Amino acid sequence: MTESEGTTSGKATVVEHLGDRTLVYMQLADGTPIIAQDGGRSQVSPGDVVNVSFDTSELHLFDTDGKSYHGDRQDA
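Residues numbered from 1 in each chain as written. Predicted model: local features only at pLDDT ≥ 70, side-chain atom pairs only at ≥ 80, totals over all residues. Heavy atoms only, no water.

Asks: For this particular structure, what's the right way to read the pairing of strand β4 (residues 49-52)?
Replies: Across a regular strand the side chains alternate sides, sitting on one face of the sheet and then on the other. Residues Val50 and Val52 line the buried face of β4, whereas the alternating positions Val49 and Asn51 sit on a face that is not buried. The pairing of strand β1 (residues 8-17) with β4 spans four bridges and is antiparallel. Of the residues in β4, the one forming a bridge with Gly10 is Val50. (Buried < 20%, exposed > 50% of the residue type's maximum accessible area, 1.4 Å probe, protein only. Helix = DSSP H or I, 4+ residues; strand = E, 2+ residues; numbered from the N terminus. Pairing = 2+ DSSP bridges.)

Printed below as a string of structure tokens:
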């Protein structure tokens, strides 16, 4: 995640440092919640607005019923 590049932006609500990676719980402008992964020494703090880009082969999407859709699978 960077503050100068990305395909969308959101506001960090929770930042979870896990050693080798950091999970950033975010809310997009339309209210959609997402969880993004950053490096282990992430400087993101709750309340920061950050830009994110997506590796579509690594996306895990869920519908309102909880059914998952994975970016690398064509049969979902």
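The rest of the description comes next.
Asks: When you look at the nonpolar core in this model, what are you seeing that I'm missing?
Replies: Within soluble globular proteins, side chains that are nonpolar generally end up buried alongside one another. Within the largest apolar cluster, 10 residues are counted, these being Ala12, Val15, Val24, Met26, Leu28, Ile34, Ala36, Val44, Val50 and Val52. Elements that contribute at least two residues to this core include exactly β1, β2 (21-28), β3 (33-39) and β4. When residues in this core are grouped by element, the largest group, three residues, is from β2. For Leu28, the contacting residues outside a window of four places in its chain are Thr8, Ser9, Gly10 and Ile34. (Core = buried A, V, L, I, M, F, W, Y, C linked by side-chain atoms within 4.5 Å. Contact = heavy atoms within 4.5 Å.)

Asks: Would you explain the environment of Ala12 in this entry?
Replies: You can see Ala12 is positioned in strand β1. A residue is classified by how much of its surface remains accessible, and Ala12, at 3% relative accessible area, is buried. For the pair Ala12 and Leu28, spaced 16 residues apart in sequence, the C-alpha separation works out to 9.0 Å.

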